[in-house]
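Next come the chains, spelled out residue by residue.
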Amino acid sequence: MSAEATAAHDEHHDDHHHDLPFYRKYIWSTDHKVIGIQYGITALLFLAFGFYLMMVMRWSIAYPHEPLPGWMSWIFTEEWKARWLQDGKVTGDTYNMFGAMHGTIMVFLGIVPLGFAAFGNYVVPLQIGTVDMAFPRLNMVSYWLYVIGGGIMCASFFMESGAAKSGWTNYSPLAGFADSQIVNQWLAGQTQWLLGMVFLISSSLLGAVNFLTTIINLRAKGMTWMRLPFFVWGMLVTGFLLLLAFPPLEVAAIMQLMDRVADSSFFMPSGLVSKTAGVLEVSGSGSPLLYQHLFWFLGHPEVYVLLLPAICCVAEIIPVNTRKPLWGYKSMVYAVLVLGFLSFIVWAHHMYLTGMGPVVSTFFQTTTVLISVPSVILLTSMIISLWGGSIRFTVPMLWAAAFLPMFGIGGLTGLPLAFNLVDLHLHDTYYVIGHFHYVVAPGVLFGLFAGVYHWYPKITGRFMDTFLGHLHFWPSLVFMNVLFFPMLTQGMAGFHRRWYNGGDAYLVEEGSGNIFGNTVLDWVAWNSVMSWGAWLLALAQIPFVINFFGSIRFGKKIKSDNPWDATTLEWATPTPPPHGNFTFDVAAYRGPYEYSRSDHEGDFYPQWEEPPREKAAPSKTTTTKESAKES
């Protein structure tokens, strides 16, 4: 064991040498497994809340002239309804508030903590054969900074101004003077968004440093770089993305915060006129474009921060359920490294409408097309891994298999947006929404659901129910596509992503000469179809909630610590893993995906299984003496 691993073990051992009180064991815990579970459950709660905000938005889009039904508005107090609903109907301000917070919550409070922090914390130390993360106490601080940041953002719903309303991107100058009617700007929802973001980014940076240090320094004996499971490689790259891309956004958040509370003008130009306040008194000379550059320098690597943990989960599940090695393992490793590098030089394809010149736009078009190459390598390798396999269609495998075409659709629909000529027409339409959500909803979430079902037996010692798993999977697959696929066609027809009434204001009499009005009329009926897809998708998650919590007590018990007959090190621990994780001196003797080898009995050869010892060859002296005696 390395010196770093020994130090981490000693620190962890000091905390657990005696039985800890409840609050130290389950609340202020420094155990990577408990922290992983904390992140997972908290992130799932935030995802549920973000999904609820989306359901309210879908009602406004489908039925703009009807009040919210009781089953959707019961969560609001009468006072809140009186302020933010007009005769029970969603207003434009409320729609903008819910839209901004839906995006923020799903990305920064839901998917990133679930994929990177929850799965990474629980699985990575087990897969590399160490006792804990490199900095256990820093790990705990990271989680609680995340909780504080999320709490600040969600509490802003109850402030006089309401929560942030300037989109999840929070563009200046709009975000610079939004909620300007509030006397104390520290108590404005827009300011609270920035404060919450500072806490969330700080949490991610601490987590990234911890992951990188752990993976580089605390690997078990024999765990060379090319013996690492692909899951660990993905988390390593994700850690680098967070470490390098998040600081610019944190700087941007602090600069915008100063614009709001200290009258600076980093992003506020001169000559701004507000309908309510007239000419804004700002010092001027700020650059709104600077904020966009800082935001999207994080924004595109963030896409892969969302995506890579899901790909990692799928890459672990496919070999287990096909009983064959992961095809092209080394190619996938090199591809994910290239993907991480290229993600830093494509950000301005989000900014074609800012008037960039042909030379700059050509550069970003080229890099955007190039980044599809490593993505295709990853997807193709996983698809080829299915070929010729003895596939076991377990519930995790269903989610993993469905991830492949869903991610494929998300990637293919993004290619046209790489070209500025196409993007000029599709920017800010539902086509962009459909493309992005195919990546992060049926793409990322399917991969993460696969991971939950796959590692649940290791965490709890029980399987999740198969019937409820199918009841969760099949409706989710159907209604995900009902919700998102029509967005692609609506977008190509020109439907704008921020119409809170679904285009109702553009409707015309059938057969009139208004071409755009007739186009809206042709496609507006899909609004209700997509909205019903969203609400039925919510119902499809009920079996998962029942399964997730019910299986802790009533699920079928596993018969061994390795119920899937897998090969990576996390399955060598007792179930659930105890303090210190391993009960023997763990070592890695081979690669992570040794399945169906002809030279080994059984169809899997675990990393921790010692190879058979060969008989010692006779020494040279003995051989010489025997030869002389025979002569």
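Only a predicted model underlies this, so the values are computations on that prediction, with no experimental measurement involved.

## Let's talk about the overall build of the protein
Okay, so step 1: Helix and strand counts for the protein stand at 22 helices and 4 strands.
Okay, so step 2: By the compact-globule yardstick of 25 Å for 631 residues, the protein fits well, its C-alpha radius of gyration being 27 Å.
Okay, so step 3: By residue count, 57% of the 631 residues in the protein fall in the buried class.
Okay, so step 4: Contacts in the protein between residues far apart in sequence, at least 24 positions, make up 78% of those at least 6 positions apart.
Okay, so step 5: Within the structure as shown, the protein displays about 26,800 Å² of accessible surface, and the carbon and sulfur contribution to it stands at 66%.

## What to know about empty space enclosed by the protein
Okay, so step 1: Counted according to the given criterion, the structure contains 2 cavities of 30 Å³ or more.
Okay, so step 2: In this model, the largest cavity occupies a volume close to 180 Å³.
Okay, so step 3: In terms of lining residues, the largest cavity is bounded by 19 residues, among which Tyr39, Val112, Ala117, Ser203 and Ser204 are the most central.
Okay, so step 4: Of all the elements in the fold, those that place two or more residues in the lining of the largest cavity are α6 (92–128), α7 (136–155), α9 (189–217) and α10 (230–261).
Okay, so step 5: Counting residues per element, the lining of the largest cavity draws most heavily on α9, which supplies 7 residues.
Okay, so step 6: Classifying every residue of the lining of the largest cavity gives 13 nonpolar, 6 polar and no charged.
Okay, so step 7: Looking at the second largest cavity, its volume works out to about 50 Å³.
Okay, so step 8: Surrounding the second largest cavity, 13 residues form its lining, Glu316, Val320, Ala566, Thr568 and Trp571 being those nearest its centre.
Okay, so step 9: Counting residues per element, the ones that place at least two in the lining of the second largest cavity are α11 (288–322) and α17 (430–460).

## Brief notes about the pattern of salt bridges
Okay, so step 1: Tallied over the entire structure, the rule returns 9 salt bridges.
Okay, so step 2: With its nearest N and O atoms 4.0 Å apart, the salt bridge here joins Arg83 to Glu79. Within this pair, Arg83 and its partner Glu79 are both found in helix α5 (residues 78–84), separated by 4 residues, close to a single helical turn.
Okay, so step 3: Residue classification places Arg83 among the partly exposed positions, given a relative accessible area of 40%.
Okay, so step 4: Across the pair Arg323 and Asp603 runs a salt bridge whose closest N-O atoms are separated by 3.0 Å. A residue pair is termed long-range when its members are at least 10 positions apart, and Arg323 in the loop between α11 and α12 (329–342) and Asp603 in the loop between α21 (542–554) and α22 (620–630) qualify at 280 residues.
Okay, so step 5: Overall, the relative accessible area of 6% leaves Arg323 in the buried class.
Okay, so step 6: On the basis of relative accessibility, which here comes to 31%, the residue Asp603 falls in the partly exposed class.
Okay, so step 7: Members of the salt-bridge network, linked through shared partners, are Asp428, Arg497 and Arg498.

Rules used throughout
Residues numbered from 1 in each chain as written. Predicted model: local features only at pLDDT ≥ 70, side-chain atom pairs only at ≥ 80, totals over all residues. Heavy atoms only, no water. Helix = DSSP H or I, 4+ residues; strand = E, 2+ residues; numbered from the N terminus. Rg over C-alpha atoms; globule rule 2.2 N^0.38 Å. Buried < 20%, exposed > 50% of the residue type's maximum accessible area, 1.4 Å probe, protein only. Contact = heavy atoms within 4.5 Å. Areas by Shrake-Rupley, 256 points an atom, 1.4 Å probe, with all protein chains shown as cover. 1 Å grid on protein atoms, 1.4 Å probe; cavity = no way out; pocket = protein on both sides within 12 Å on 5 of 7 lines; lining within 4 Å. Points joined across faces, edges and corners; volume = space filled by probe spheres on them. Nonpolar A, V, L, I, M, F, W, Y, C, P; charged D, E, K, R; others polar. Salt bridge = Lys/Arg side-chain N within 4 Å of Asp/Glu carboxyl O.

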